[in-house]
Amino acid sequence: MREQTSFINIYIVIPAYNEEKVLGDVIRQIRKEGYKNIIVIDDGSEDKTFSLAKAENVCVLRHIINCGEGAAIKTGIEAAKILGAKYIITFDADDQHDPKEIRFITRKLKEGFDVVLGSRMINKNKIPFSRKIAIKLGNFFTWFLFGVWVSDSQSGFRGYSEKAFSKINIKNSHYEYSSEIIREIGKYKLKYCEIPINIRYTYYSMHKKHGQSFINGIKTLARLAVLSD
Amino acid sequence: MTIPLNLFQASIILLSLYFIIDRLKKYFSKERSQSLFKLTATIGIWFGVLVFGAIPSLARKVSLFLGLGENLNTLIFLGFIIVFMILFKFVGIFENIEKNITEIVRKEALKGLFENTTINKQKTKK
């Protein structure tokens, strides 16, 4: 019972784009762990993402056009603020993250950390070689541009305290928002930590059309370098 | 003083004059989206094209003055600088437009949530 009441102010924000195949299952897994405050942001999906999320009886918001993961995360955070969140956890919609690990993030947030970053690089995860290189390059350029070193600058599994989500202002709409968060941590001197997370690279998540790819990585880097403040 | 011109140079001069006159007409007839900046930029660029088209040897004098190489290199170099400046300007404009569109889309997405939350709070107060 005490555990349930402590979940009241925890909001799980899930940005989703064309995830009809796995989203329902992801929501049910999260709910099974006791988290009822789930906000799904349908980022202009062309499939049944919106209706499937609605059928799960969670808060679903819809972007009328596809704006990017960063934009969807920001919308989700704004929604969680309106609903009175004290802690916000962002969670990927493609079933790569394990909902059982949400409690590790909330534990760190309750210990006083402003931002908790889930890192795929701490545990011995079976990460494809190309993805590992992309993560390391992302880490290097994030450090080079913003001066903060983390072991996984591109992870979508993160937790934010009220102080963090009221200060952090995401300006970029696409994948570069991940590095932007790292910049904001340095800018506002937020107390952060990294925790190991497990990652499930399924055939589905690795072959999504709109997922991270080498070309998208180059575009992300270009946007960060040219357009970062 | 006569400036010998070939057909190519004459075409460049006429084209430049056309753009300058066209821009002046639009500006003085106070058409929408005209500004002093656009007028100045257009006249600056096309007058430059006109002058170098009419007196190509001037490019050599400019390049010597600036310490650069051949005439054409000077013009190409200057052209690249101008093109890059314009490109960066466009990138900034497109990014601003994208941000504004995203903001509108977000407000639309949050509208229902905000209204429902306000109604619920009012019901609780009653």
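Described below are features of the structure shown in this document. Note that this is a predicted model, so its numbers are computed, not measured.

## Some details on the sheet that holds strand β2 (residues 38-43) of chain A
Residue and element names in this part refer to chain A.
For step 1, the next point in the chain: Reading across from one edge, β3-β2-β1-β4-β6-β5-β7 is the order of the seven strands in this open sheet, with mixed pairing throughout. Two strands lie at the open edges of the sheet, namely β3 (59-63) and β7 (192-196), each paired on one side alone. Here the strands of the sheet are splayed against their neighbours by 20 degrees on average, with no regard to which way each runs.
For step 2, the next point in the chain: In this structure, strand β1 (residues 10-16) lies alongside strand β4 (residues 87-90), joined through four bridges in parallel fashion.

## A word on a nonpolar patch on the surface
For step 1, the next point in the chain: Together, A:Ile64, A:Ile65, B:Ile45, B:Ile82, B:Ile86, B:Phe90, B:Ile93, B:Phe94, B:Ile97 and B:Ile101 make up a nonpolar patch on the protein surface, roughly 910 Å² of accessible area in all.
For step 2, the next point in the chain: Per element, the largest residue contribution to the nonpolar patch is seven residues, and it comes from helix α4 (residues 71-125) of chain B.

## Regarding the pairing of β1(A)
Residues and elements named next belong to chain A.
For step 1, the next point in the chain: Counting buried positions along β1 yields seven of seven residues, so the element is predominantly enclosed.
For step 2, the next point in the chain: Neither face of β1 is left uncovered, since the one carrying Ile-10, Ile-12, Ile-14 and Ala-16 and the one carrying Tyr-11, Val-13 and Pro-15 both have all their residues buried.
For step 3, the next point in the chain: Handedness of the β1-helix α2 (residues 23-32)-β2 crossover: right-handed.

## Here we look at the interface of chain B and chain A
For step 1, the next point in the chain: Taken together, the contacts link 14 residues of chain B with 20 residues of chain A.
For step 2, the next point in the chain: At the boundary of chain B and chain A, one finds zero salt bridges.
For step 3, the next point in the chain: Between the two partners, chain B and chain A, sit three residue pairs in polar contact (both at pLDDT 80 or more).
For step 4, the next point in the chain: Residues belonging to the side of chain B that touches chain A are distributed by class as follows: eight nonpolar, two polar and four charged.

## Topic: the environment of A:Thr142
All names here are of chain A.
For step 1, the next point in the chain: With respect to the helices, strands and loops of the structure, Thr-142 is situated in helix α6 (residues 129-146).
For step 2, the next point in the chain: Residue Thr-142 is classed as buried on the basis of its relative accessible area of 1%.
For step 3, the next point in the chain: A C-alpha to C-alpha distance of 15 Å links Thr-142 and Lys-132, two positions ten residues apart in sequence.
For step 4, the next point in the chain: Apart from residues no more than four positions distant in its own chain, Thr-142 is found in contact with Gly-147, Val-148, Ser-153, Gln-154, Ser-179 and Ile-182.

## What to know about the pattern of salt bridges
For step 1, the next point in the chain: Scanning all chains against the criterion turns up 14 salt bridges over all chains.
For step 2, the next point in the chain: A salt bridge links B:Glu108 to B:Lys111, with the nearest nitrogen and oxygen atoms 3.5 Å apart. Placement of both B:Glu108 and B:Lys111 in helix α4 is noted, with a separation of three residues, approximately one turn of the helix.
For step 3, the next point in the chain: In this structure B:Glu108 comes out as partly exposed when scored by relative accessible area, which is 41%.
For step 4, the next point in the chain: It is possible to trace a salt-bridge network through shared partners that takes in A:Arg28, A:Arg31 and A:Glu56.

## Concerning α2(A)
Think of an α-helix as turning once every 3.6 residues; residues three or four places apart then point the same way.
Residue and element names in this part refer to chain A.
For step 1, the next point in the chain: Turning to α2, its buried residues are Leu-23, Gly-24, Val-26, Ile-27, Gln-29 and Ile-30.
For step 2, the next point in the chain: Among the structural elements, β1, β2, α3 (49-55) and α5 (102-111) are those in contact with the buried residues of α2.
For step 3, the next point in the chain: Gly-34 lies just past α2 and shows a positive phi near 105 degrees.

Quick notes on the rules
- Residues numbered from 1 in each chain as written.
- Chains lettered and ligands numbered in written order.
- Predicted model: local features only at pLDDT ≥ 70, side-chain atom pairs only at ≥ 80, totals over all residues.
- Heavy atoms only, no water.
- Pairing = 2+ DSSP bridges.
- Helix = DSSP H or I, 4+ residues; strand = E, 2+ residues; numbered from the N terminus.
- Axes fitted to C-alpha atoms, helices over the stretch in contact; angles between N-to-C directions.
- Patch = residues over 30% accessible without salt bridge, like charges linked within 9 Å, V, L, I, M, F, W, Y side chains within 5 Å.
- Areas by Shrake-Rupley, 256 points an atom, 1.4 Å probe, with all protein chains shown as cover.
- Salt bridge = Lys/Arg side-chain N within 4 Å of Asp/Glu carboxyl O.
- Buried < 20%, exposed > 50% of the residue type's maximum accessible area, 1.4 Å probe, protein only.
- Right-handed = clockwise from strand over helix to strand, strands pointing away.
- Contact = heavy atoms within 4.5 Å.
- Polar contact = N/O pair within 3.5 Å; in protein donor to acceptor, adjacent residues only side chain to side chain.
- Nonpolar A, V, L, I, M, F, W, Y, C, P; charged D, E, K, R; others polar.

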